[in-house]
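# Structural description and commentary
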Amino acid sequence: MKKAFLILSATIITAAILTAWAGISKIPQAIGTFKEVKIGTQVWMAENLTVDKFRNGDPIPEAKTDEDWTKGPVWCYYGNDPANGAKYGKLYNWKAVNDPRGLAPAGWHIPSDAEWTHLTDFLGGTQVAGTKMKSAGGRFNSGPGANESGFSGLPGGCRRSSTFDLIGAQGGWWSSTEEDEYSVWTRTIYFLNGTVYRSGHFKEYGHYVRCIRD
């Protein structure tokens, strides 16, 4: 009788934990060649995009010089160092993100500004969502995240036209929504707090890409 009671209690506790986490799949699942995670009603890539071809198969050139970066749709590694690419993925310019041939693989798309807002709202709002989105393990300098969402955001820095900046301190991603003719809405998380920042960044910049399921 006592044994049966203990089993029943354990079952109830387990059910309560699962209920508390309803809507968040914390363990990224590898689907095809991309890891994905369900957060609320959305399914996100759980890693930064690394493709070097558009959806139709056309190649996306690598920008190895400042001149290359301004020519058209391109990608680069932070600091032009492939070792950073292995950790953080590829930085893309806006021309690549916005190209009609499709940067996102089949079944995915670049998240809109509204879809990013939906994510941060689900995670408790912009002032706390960053901690839940940041990777754990000290990768954000002195401010590691809890990664409760499974988003696994990494501090890969960014490209500011001809310079690279903030690796180890910042992770940032494009949206598909233009703020105006010069800039695009992005989302950024930093090492020093748990905030997700919504900012308009110049189209000449380079950011990482997280795709969302269609």
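In case you missed it, the structure is sitting above this.
Residues numbered from 1 in each chain as written. Predicted model: local features only at pLDDT ≥ 70, side-chain atom pairs only at ≥ 80, totals over all residues. Heavy atoms only, no water.

### Looking at the sheet that holds strand β9 (residues 170-178)
Definition in use: Being paired, for any two strands, means DSSP has found at least two bridges between them. Here a helix means four or more residues in a row that DSSP labels H or I, a strand means two or more in a row labelled E, and each is numbered from the N terminus. Throughout, an axis means a line fitted to C-alpha atoms (over the contacting stretch in the case of helices), and angles, computed between N-to-C directions, take values from 0 to 180 degrees.
Reading across the sheet, the 3 strands line up as β9-β10-β11 and stay open at both edges, with antiparallel pairing between neighbours. Each having just a single partner strand, β9 and β11 (196-202) make up the two edges of the open sheet. Ignoring strand direction, the axes of neighbouring strands in this sheet form an average angle of 30°. In terms of strand pairing, β9 meets strand β10 (residues 183-190) through 6 bridges, oriented antiparallel. Opposite Gly171, over in β10, you have Ile189 as the bridge partner.

### Examining the nonpolar core
We count it as follows: Residues belong to one nonpolar core when they are buried, are Ala, Val, Leu, Ile, Met, Phe, Trp, Tyr or Cys, and are joined through side-chain atoms within 4.5 Å. Exposed residues in this analysis have more than 50% of their type's maximum accessible area, buried residues have under 20%, and partly exposed residues fall in between, with area computed by a 1.4 Å probe over protein chains only. It only takes one pair of heavy atoms within 4.5 Å for two residues to be counted as in contact.
Formed by 23 residues in total, the largest nonpolar core has its most connected members in Ile39, Trp44, Trp116, Leu119, Met133 and Phe151. When residues of this core are traced back to their parent elements, those giving at least two are β2 (34-39), α5 (113-122) and α6 (126-133). Among residues more than four places away in sequence, those in contact with Leu119 are Ile39, Gln42, Trp44, Met133 and Phe151. One finds Trp75, Tyr92, Val97 and Val184 within the second-largest nonpolar core, a separate group that totals 20 residues.

### Some points on the packing of aromatic side chains
Note the cut-off: Any two of the Phe, Tyr and Trp rings considered here, Trp counted by its six-membered ring, make a pair once their centres fall within 6.5 Å; the pair's planes then place it as stacked at under 30 degrees, edge-to-face at over 60, or tilted in between. Geometrically, a charge over a ring is one whose NZ (Lys) or CZ (Arg) sits within 6 Å of the ring centre while staying within 35 degrees of the ring normal.
In this structure the tally under the stated criterion is 11 aromatic pairs. Between Phe202 and Tyr205 the ring centres are 5.8 Å apart and the planes differ by 85°, which places this aromatic pair in the edge-to-face class. Joined through ring pairs, the aromatic side chains of Trp44, Trp116, Phe151 and Trp173 make up one cluster. Across from the ring centre of Trp185, 3.7 Å away, lies the NZ or CZ of Arg198, which sits over that ring. Sitting over the face of the ring of Phe151, Arg210 holds its NZ or CZ atom 4.2 Å from the ring centroid.

### A short note on the pattern of salt bridges
Applied cut-off: Should a side-chain nitrogen of Lys or Arg be within 4 Å of a carboxyl oxygen of Asp or Glu, the pair is scored as a salt bridge.
Enumeration over the complete set of coordinates arrives at 10 salt bridges. Notably, a salt bridge pairs Arg213 with Glu36, separated by 3.2 Å at the nearest N-O pair. With Arg213 in strand β13 (residues 212-213) and Glu36 in strand β2, this pair connects stretches of sequence that are 177 residues apart. Look at Arg213 and you get partly exposed, because its relative accessible area is 29%. Judged by its relative accessible area of 15%, Glu36 is buried. With a closest N to O distance of 3.1 Å, Arg159 and Asp66 form a salt bridge. Of this pair, Arg159 sits in strand β7 (residues 158-160) while Asp66 sits in helix α2 (residues 66-69), and the two are 93 residues apart along the sequence. According to the relative accessible area criterion, Arg159 is buried, its value standing at 0%. On the basis of relative accessibility, which here comes to 43%, the residue Asp66 falls in the partly exposed class. Taken together, the shared-partner salt bridges in this structure form one network comprising Asp58, Asp99 and Arg101.

### Some words on the pairing of β11
Relative to β11, β10 is paired through 7 bridges, and the arrangement is antiparallel. Along β11, the bridge assignment pairs Arg187 with Arg198. Here β10 hands over to β11 after 5 residues, the two strands then running antiparallel side by side.

Keep in mind these numbers describe shape, not what the thing actually does.
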